[in-house]
Amino acid sequence: MTGIPRSVLSLRGLAKSYGATVAVESLSLEVARGELVCLLGPSGCGKTTTLRMVAGFVSPTAGEIWIEGKPVAREPPHQRDVGMVFQHYALFPHLSVADNVAFGLVNIGMPRAERQARVSEMLAMVELADLAHRMPRELSGGQQQRVALARALALRPAVLLLDEPLSNLDSRLRIRMREEIHSLIRRLEMTTVFVTHDQEEAMALADRIVVMHRGRVEQVGSPDQIYEAPTSRFVAEFIGLCSLLEATVTDVRADTLVVQTSGGVTLVLRRPAVRVTQGESVVAVIRPEHVTPASGGLANQLTGRVLSSTYLGSLSRHRLLVSGEELLMECHAGTLSGVRPGADIKIAIDPARPCVLVTDPRR
Amino acid sequence: MEPGDGPVDEQGAGEPQPAETDAGNLDGTRLGLARQLAPALLILLAFLVVPLLALGRISLLPGDTAFGATGWSFRQYAKVFGDLFYLRVLAETLGYGLVVAGATFVLGFPVAHSLARMRPSARRWRVALIILPLTLSLVVNVFAWLVILGGSGLVNGVLLAMGLVDAPIRLLFNRGAVLVVLIHTFLPFQILSIMSVIAQIDPRLEEAAANLRADRWTIFRRVLLPMALPGIIAGSTLVFILTVSAFVTPRLIGGGRVHMLGSLIYEQVAVVLNWPFGGALSFVLLAIVLTLLGVASRLAGARFFTTRS
Amino acid sequence: MLGRQAFLRAATGIVRWCVYVGLALPPLIVVASSFSRTTFLTFPPKGFTLAWYWRAAQSQPFMQSLLLSTELAIVATVLALLVGTPAAAAIVRRRFPGREAVQAALLAPMVVPLVVLAIGLLQVLTWLGLAQTFAGLVIAHVVLTLPYVVRTMAASLMLFDRSLEEAAMSLRARPSQVIRRVLLPILLPGVLSASVFCFVTSFGNITLSAFLARGGLVTLPVQIFTYVEHSYDPVLAAVSTLVIVVTLAVILLVERLAGLDRML
């Protein structure tokens, strides 16, 4: 892709290596105005390095970064039109809340009256107006984060960058802050990139998720695309729960595939978009909710033995042994009450929902 | 902590510490590094290294003065090690070093231990008290001792008042007085050194030992002493070095009677103006100090590993 | 067994209190005996008079040396901070070959016996024609206090959260603005702490000053030292009290500004 990009943030062939170690391997991404993109992956996958390259704290080994049609890859951080919220907030301890929020405005030389108006506006937006004169150490974690947000947004940047924004908060606060951040960003139509290792957070917040692993992009897509149609084992296993069944294709039909698992089970599944030929090795990604207790005319009916059951309130989750392979099943509470480990039950696998991956010998 | 360490949120095999920045930081370029270090290093080179080299050169002069002198000779060192007087001073100085190091250890350990185990609020003023003598000039401390030990000073006053003596006794200008003052002067160093090392020993280890029937002496001998040894060695070495280098105390408290290496050097350089000999004496002192530092660091280091059990 | 325990407890308790008293007493004695009416040094002091302070104030040698010591300490402190802080920053924040060696070198003056350094320094300064000058004294005191600056500022810089720098830059602060608005204000306690160490060390130093300042430039401690060698009377107590007062004043002033907690 060449020429000046029209998207707000454009990464082209962005790469970073430290000597022989490759931290990020040729990442390309276009982020549209108002879009919320999440970089998701385990520790060491390169997501934070990518974010820091966009911010300007790491210089790329190769590739381009364009912000609002301007190439910025060689520019120092203080000249880039980005706002960043750091993982531990990085509030200036010697400045009050109001002075923290005003910090960037002072640096760009905004006159005092205008500055004060903007600060009041930002503090009102994050509902911290009455804490304007407090010092950071007097605030709770959630309040500190809101100050960090207000501070970054005060400059009305083209792109907002968030580094693991919620990982320091306890779980209840995390969910509430997640919703607050989400609605704030939406209201401002702020183009946002955030980094997290928490897949629930990614699924809840993002318009699109970039799943990364060992420096490489595994898959880019909306949350439901990532969940329902993972394109690799890694993505399938990283997001949500699943059982992976290795199988061989025995028959290719118009809309479906017939496969036989290594355990000898025959399944009819939805045909994937990629071309599949008979005899090829595939992996069936079966999510726990794709497995239900058998009844009536359901397809893919099998017998399995219950290995263990976990009661989770609204759901129950069961580990089953089906023809020598482990299968996870999830049902609404009460569906399988009274089923004990060791019991045999009849189950059915929804043919339409599991995704079939063509296994690449490289993986 | 390595430079560049920031809040750690990811520890990955493939990804460096997130705060590692090779762009957009304050530290700049290679040229910047040189500019940061150059002034300090140049000053040290010119006014620490060169002086020591100059000292070495002076000590190898044959004559009795450095002024316009030339020539190379080991005569000065021969004088140091050949003359019984100087050898005795050397030996005595080393002896003082040992005594002071040992005494400060015995006196300082109980204080250091109680300080290490104290709440910060209680500790603060006590530590300030201990540091106070260090901040005041040495002369002030020594002078105070002149007042305490003098003919009409505190000790004599008490002795007279209690009727233990009829006339003031001479307490100053002898070895004992010098030792007392040296111990007093360097005690804070030992206390701080031991305190910091005991603070690193988990107090629960002492509790565990007590639970296993160890009395306080045993706890000291078998738990505290072995584990605190590196700090004790460090503190004692420091005190030893300070003691053998001392010159104000022996001159003022010892009168003309007590000779230590430091005061001898001062005499030769500032009074007799025999720089070559003074230089040789200094180099002997420097050699002692450096040897000691080498030995101590090896001792402390090695012992540190064996007490890990 | 119980007897030994009790004995040990008592013994260590006594030792502890002796140490505290022993450390606190001498300065108090000096101050007290400066008020004595007698012409020789006594303790406890007899009578009360401020005559010795008058004498000290009118004594040109003492007042001049007090002024010199103060000036010297201030100049040496400022220079040591200017030279030592960038060096400390280089050691803490950057990786380069020989970093450990440089660190050892910067702390070396603390290890070399001052007596040894003094002679060599005297010779070098003589070669440079700076032997009896204020500049020579300043150089010596900068070498003396540099390790304190490096050690204190290195500790301060290590504790500094670098994400604050990055946050500042992400908020459009140029490097000079980052230093001015974020780094320096937060490092101020460290700077003050280093200043105290430097001032106190320089002000109270005898050894270097004694060797380097014979003749014209005599610092206060050296003045006291030479005076005591010949005779002693309560004037010395008064002057020593002055030293105590100046030292404590500096420490308390800085503590008021920075907070003792952050220094100790």
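Keep in mind that what you see is a predicted model, and the values were worked out from it rather than measured.

1. Considering the environment of Phe 160 of chain C
Residues and elements named next belong to chain C.
Turning to step 1, where the next piece is worked out: Looking at the element boundaries, Phe 160 is found in the loop between α6 (134-159) and α7 (162-170).
Turning to step 2, where the next piece is worked out: Given 18 C-beta atoms within 10 Å, Phe 160 falls into the partly exposed group.
Turning to step 3, where the next piece is worked out: Residues Phe 160 and Leu 183, spaced 23 residues apart in sequence, show a C-alpha to C-alpha distance of 8.3 Å.
Turning to step 4, where the next piece is worked out: When neighbours within four sequence positions are excluded, Phe 160 is seen to be in contact with Ile 186 and Leu 187.

2. Digging into the sheet that holds strand β15 (residues 291-293) of chain A
Residue and element names in this part refer to chain A.
Turning to step 1, where the next piece is worked out: In spatial order, the strands read β15-β19-β16-β17-β18; together these 5 strands make up an open sheet with antiparallel pairing. A single partner strand is all that each edge strand has here, and the edge strands are β15 and β18 (325-332). Neighbouring strand axes in the sheet, compared pairwise and without regard to direction, differ in orientation by 50° on average.
Turning to step 2, where the next piece is worked out: In this structure, strand β17 (residues 315-322) lies alongside β18, joined through 8 bridges in antiparallel fashion. Of the residues in β18, the one forming a bridge with Val 322 is Glu 325.

3. A closer look at the packing of helix α4 (residues 120-135) of chain B against helix α7 (residues 175-199) of chain B
Residue and element names in this part refer to chain B.
Turning to step 1, where the next piece is worked out: It is the contact of α4 with α7, at a shortest axis distance of 9 Å, that shows an interaxial angle of 135°. Relative to α7, the element α4 is oriented oblique. Handedness of the α4/α7 crossing: left-handed. Where α4 approaches α7, its residues Ile 130, Ile 131, Pro 133 and Leu 134 are matched on the opposing element by Pro 188, Ile 191 and Leu 192.

4. Overview of the interface of chain C and chain B
Turning to step 1, where the next piece is worked out: Contacts between chain C and chain B engage 80 residues on the former and 78 residues on the latter.
Turning to step 2, where the next piece is worked out: The element best represented in the side of chain C that touches chain B is helix α1 (residues 2-33) of chain C, accounting for 15 residues.

5. Observations regarding α6 of chain C
Residue and element names in this part refer to chain C.
Turning to step 1, where the next piece is worked out: In this model α6 runs 36 Å from its N-terminal to its C-terminal C-alpha over 26 residues, within 8% of the 38 Å that 1.5 Å per residue would give.
Turning to step 2, where the next piece is worked out: Along α6, the helix axis deviates most sharply at Thr 145, where the bend reaches about 40°; the proline Pro 147 sits within four residues downstream.
Turning to step 3, where the next piece is worked out: Burial runs high along α6: 19 of the 26 residues are buried.

6. Overview of the sheet that holds strand β6 (residues 82-85) of chain A
Residue and element names in this part refer to chain A.
Turning to step 1, where the next piece is worked out: Pairing is mixed across the open sheet formed by 6 strands, whose spatial order is β6-β7-β8-β3-β9-β10. Where the open sheet ends on each side, the last strands, each with one partner, are β6 and β10 (216-221). Neighbour-to-neighbour, the strand axes of the sheet open up by a mean angle of 20°, direction not taken into account.

Calculation rules
- Residues numbered from 1 in each chain as written.
- Chains lettered and ligands numbered in written order.
- Predicted model: local features only at pLDDT ≥ 70, side-chain atom pairs only at ≥ 80, totals over all residues.
- Helix = DSSP H or I, 4+ residues; strand = E, 2+ residues; numbered from the N terminus.
- Buried ≥ 20, exposed ≤ 12 C-beta atoms within 10 Å, placed from the backbone.
- Contact = placed C-beta atoms within 7 Å.
- Pairing = 2+ DSSP bridges.
- Axes fitted to C-alpha atoms, helices over the stretch in contact; angles between N-to-C directions.
- Parallel < 35°, antiparallel > 145°, perpendicular 65-115°, else oblique.
- Left-handed = near helix turned anticlockwise from the far one by under 90°.
- Expected span 1.5 Å × (residues − 1).
- Bend = angle between axes of the 7 residues up to and from the residue.

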